[in-house]
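Notes for the structure review
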Amino acid sequence: MIIGVPKETYPGEKRVAIVPATAPSLQKAGFIIHLEEGAGVSAGFTDKMYEAEGVVISDRKEVFDKSDVILQVRTIGTGTDSDADDLNALKEGQIVIGLIDALTNREAVNSLANAKVKAFALELVPRITRAQSMDVLSSQANIAGYKAALMAADSLPRLFPMMMTAAGTITPARVLVIGAGVAGLQAIATCNRLGAIVSGYDIRPAVKEQVQSLGAKFVELELETEEAEDKGGYAKEMDEEFYKKQQMLMERVVSENDAVISTAAIPGKKAPVLITEAMVSGMKPGSVIVDLAAESGGNCELTVAGETIEKDGVSIIGPVNVPSEVPYHSSQMYGKNIANLVLLMVKDEELNIDLEDEILKDSLVTDDAKVVNERVKESLGL
Ligand code: NAD
């Protein structure tokens, strides 16, 4: 069984699908690993480091030609010019595993189906206890939350911690984290460690205790939120009236803070707008919004993905692909997640995909030239 790891081609992507330390667990299961020359360099892993773990360094063509399983961060088809060649290089029946953005990226899904590969989307691995070690959404969101806290601290014209100095006492910064999922909780913990006074808010009342256990205050708004959580623990999409009321109630809370880190998301949907232009105008000049939902439309009305804009002295930062800004550790965690999923496909040193297993069934997107995933079909209207 051969695994191939091509160099990432997605613009700005610095991560690599596996790191040298991941190789032994896969080799022990019977895999030979081919890595494209230089694929790990931007994440801090040289070819020599891979070779020391028995990984074969190959050119891109060989990686595609020889492999039974292709491991990527962003799969082929997720949208770069060079994808056309790579799509042709894929072999019928090959297994392709990576982030596809399958619930929203119709083009990527269709391309993978047309290439007749078995494509598994890591973002669709169910969030069940047994799959925790394969959960890239969590591992990468953790990193994004940490980094968002640093971005806020770095951009604010104030200090985060309280300081008592001979030059006077500095009062700590106030930070509001909206959306207390994996990224939000990590942002809360990091801001707290940096000495800010942190509050957290989420539409799901169940996270109140988690927010408080990290030393932050939980913001409670007078909203009907009993129906806000689905069976899987995710936030549900609410109606426009709800979001209007939420914005109104949040206005004062937002204006009381120096920095806002927003992470609110609904899987497969556009992010809810929670901070309006008027709310931005109500913030103190010098305040900062770090909108981690920028890529899915933004939680702030003014957010532009990939840019920082200024409005009335307030900076609105719309970072994209934040985990890739910490590529060493995000690759390390990603590599462990993807290797654990691959190991689930092996029995007695042979590839054996058991579609009775809900982890594999839920993450398989295309097979035999067809889109086979019901959730993807529904979301894309196929
Ligand atoms: P996410 O990225 O989908 O969303 C981020 C947060 O935004 C969520 O907490 C969500 O409730 C919140 N949000 C959505 N709309 C909002 C609004 N209008 N106002 C305020 N907040 C809003 O979430 P996630 O970080 O991927 O985690 C989602 C759930 O999955 C959580 O319950 C988490 O505990 C659970 N989870 C379970 C496992 C597991 O293995 N069992 C692993 C990871 C996460």
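Look up: the structure comes first, before these words.
Description of helix α9 (residues 240-255)
The end-to-end C-alpha distance of α9 is 22 Å, a good match for the 22 Å that 16 residues give at a rise of 1.5 Å each. Considered for burial, the residues of α9 that qualify are F242, Y243, Q246, Q247, M250, V253 and V254.

Observations regarding the sheet that holds strand β14 (residues 308-311)
Spatially, the seven strands line up as an open sheet ordered β11-β10-β9-β12-β13-β15-β14, and their pairing is mixed. The two strands at the open ends of the sheet, each matched to only one other strand, are β11 (217-218) and β14. Sheet topology note: the strand β13 (residues 288-291)/strand β15 (residues 314-317) ladder contains three bridges and is parallel. Bridged to V288 within β15 is S315. The sheet strands contacting helix α6 (residues 136-155) are β12 (259-262), β13 and β15, and the helix crosses β13 at an angle near 155°. Of the strands in this sheet, β9 (174-178), β10 (197-201) and β12 touch α9, which is tilted by about 160° from β9.

Here we look at the sheet that holds strand β18 (residues 364-367)
Pairing is mixed across the open sheet formed by eight strands, whose spatial order is β3-β2-β1-β4-β5-β6-β18-β19. Looking at which strands have only one partner, the edges of the open sheet turn out to be β3 (56-58) and β19 (370-371). Relative to β3, strand β2 (residues 32-36) runs parallel, the two sharing three bridges. Paired with E36 across the bridge in β3 is S58.

Thresholds applied
- Residues numbered from 1 in each chain as written.
- Predicted model: local features only at pLDDT ≥ 70, side-chain atom pairs only at ≥ 80, totals over all residues.
- Heavy atoms only, no water.
- Helix = DSSP H or I, 4+ residues; strand = E, 2+ residues; numbered from the N terminus.
- Expected span 1.5 Å × (residues − 1).
- Buried < 20%, exposed > 50% of the residue type's maximum accessible area, 1.4 Å probe, protein only.
- Pairing = 2+ DSSP bridges.
- Contact = heavy atoms within 4.5 Å.
- Axes fitted to C-alpha atoms, helices over the stretch in contact; angles between N-to-C directions.

The analysis is restricted to geometry; functional conclusions fall outside its scope.
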